[in-house]
Amino acid sequence: MTSARAPDSRRLDVAALTAAGAEIAGEWPQEGFARLALSTLPSGPDVPAPVSFHLAAERAPLEGGGVYPALRIDVSTQVRLECQRCLQPMLQPLRVDRRFFFVPGEEAAAALDAETDDDVLELTPALDLHALAEDELLLALPIVPRHEACPEAMPLSFGEEDAASPAENHPFAALAALKTGGKAG
Ligand SMILES: [Zn+2]
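Residues numbered from 1 in each chain as written. Predicted model: local features only at pLDDT ≥ 70, side-chain atom pairs only at ≥ 80, totals over all residues. Heavy atoms only, no water.

**Section: the sheet that holds strand β5 (residues 119–122)**
Taking strand neighbours across the sheet as the criterion, the 5 strands line up as β1-β2-β3-β4-β5 in an open arrangement whose pairing is mixed. Whereas interior strands pair on both sides, the edge strands pair on one side only; in this sheet they are β1 (23–28) and β5. Here the average twist between neighbouring strands, direction ignored, is 30 degrees. Across 6 bridges, the pairing between β1 and strand β2 (residues 51–61) is antiparallel. When the sheet's bridge partners are listed, I24 is paired in β2 with L55. Packed onto the sheet, helix α3 (residues 106–115) meets β3 (67–82), β4 (89–103) and β5 and runs at close to 175 degrees relative to β5. (Pairing = 2+ DSSP bridges. Helix = DSSP H or I, 4+ residues; strand = E, 2+ residues; numbered from the N terminus. Axes fitted to C-alpha atoms, helices over the stretch in contact; angles between N-to-C directions. Contact = heavy atoms within 4.5 Å.)

**Some remarks on the packing of aromatic side chains**
Enumeration over the complete set of coordinates arrives at 2 aromatic pairs. Summarising the aromatic geometry, the rings of W28 and F53 are spaced 4.1 Å apart at their centres and angled 20 degrees between planes, so their arrangement reads as stacked. Here the residue W28 occupies a position in strand β1, and F53 occupies one in strand β2, the gap between them amounting to 25 residues. F53 carries the same exposure label as W28, and that label is buried. An aromatic cluster of at least three residues, connected via ring pairs, comprises W28, F33 and F53. (Phe/Tyr/Trp six-rings, centres within 6.5 Å; stacked < 30°, edge-to-face > 60°. Buried < 20%, exposed > 50% of the residue type's maximum accessible area, 1.4 Å probe, protein only.)

**Topic: the layout of surface pockets**
As a volume, the second largest pocket reaches approximately 270 Å³. As for the second largest pocket, its lining consists of 17 residues, and the residues nearest its centre are Q30, S43, P48, A49 and Q78. Ranked by residue count, the leading element in the lining of the second largest pocket is β3, at 3 residues. Residues belonging to the lining of the second largest pocket are distributed by class as follows: 10 nonpolar, 4 polar and 3 charged. (1 Å grid on protein atoms, 1.4 Å probe; cavity = no way out; pocket = protein on both sides within 12 Å on 5 of 7 lines; lining within 4 Å. Points joined across faces, edges and corners; volume = space filled by probe spheres on them. Nonpolar A, V, L, I, M, F, W, Y, C, P; charged D, E, K, R; others polar.)

**Focus on the nonpolar core**
The nonpolar side chains of a soluble globular protein tend to be buried with one another. L55, L71 and I73 are the most contacted members of the largest nonpolar core, which totals 30 residues. Elements with a minimum of two residues in this core: α1 (14–20), β1, β2, β3, β4 and α4 (129–140). Those residues in contact with L71 that lie beyond four places of it in its chain are V14, L55, A56, A57, R98, R99, F100, F102 and L127. Listed in part, the 8 residues of the second largest apolar core include L62, A70, A109 and V120. (Core = buried A, V, L, I, M, F, W, Y, C linked by side-chain atoms within 4.5 Å.)

**As for the coordination of the zinc ion**
Here the zinc ion is held by the protein donor atoms C83 (SG), C86 (SG), H147 (ND1) and C150 (SG), which lie 2.0 to 2.4 Å from it. Positions of the donor residues of the zinc ion, expressed as sequence spacing, correspond to C-x2-C-x60-H-x2-C. Of the two residues, C86 sits in the loop between β3 and β4 while C150 sits in the loop between α4 and α5 (160–164), which places them 64 residues apart along the sequence. (Donors = N, O, S within 2.8 Å, 3.2 Å for Na, K, Ca; no water.)

**Observations regarding the confidence of the model for the protein**
Confidence in the prediction for the protein averages 84 pLDDT; 79% of positions are at 70 or higher. Below a pLDDT of 50 lies the segment residues 161–169, which in the model reaches 4 contacts outside its immediate sequence neighbourhood of four places, other chains included. Every residue in residues 181–185 scores below 50 in pLDDT, and together they form 0 contacts with partners more than four places removed in sequence or on other chains. (pLDDT = per-residue confidence, 0-100.)

**Brief notes about the environment of L129**
In this structure, L129 sits in helix α4. The sequence separation of L129 and D8 amounts to 121 residues, and the corresponding C-alpha distance is 9.1 Å. Apart from residues lying up to four places away in sequence, L129 is in contact with S9, R10, L12, W28, F53, L55 and I73.

**Focus: the environment of D118**
In this fold, D118 is placed in the loop between α3 and β5. Remark: the alpha-carbon pair of D118 and L62, spanning 56 residues in sequence, is separated by 7.7 Å. Not counting the four nearest positions on each side in its chain, D118 is found in contact with L62, E63, F101 and D113.

Now the structure itself:
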């Protein structure tokens, strides 16, 4: 697991990487993503999945003219979320595959970012790839996480089950009937 030759993924020189046509791949421990942790459930007894990344640097034409340094970033991991249907934990794979262009100057970057469908950032000699990956993973979180098929019918769920069950089989209905009976007698 030595990475002496790998550049520091929190301080990447985008122009240098692009000039070299560099490709970098690696893994970060998910525990290091504090903001992601706030938006997900703790991993419980399991070791959380690492965050895998692959980066490819190249010069590429930007829509609207000009050829700029670009990074293709592929990030994937698996997080634990609470299913909004059964309220049980569920494993959610997250995958982000995006290309970012880098242009000199914050204003130019903002203007081009607004004009094009591509993501345009300010060219920097110290890109924090870890933070960028975390931004993208947060955006990739489902708004309403749900199992494709919940593991079992949960007593907390409302809907079909209540409608289908005869009222007299409901424990609270039975209790209410007992109370009514007691008062009447
Ligand atoms: Zn569920």
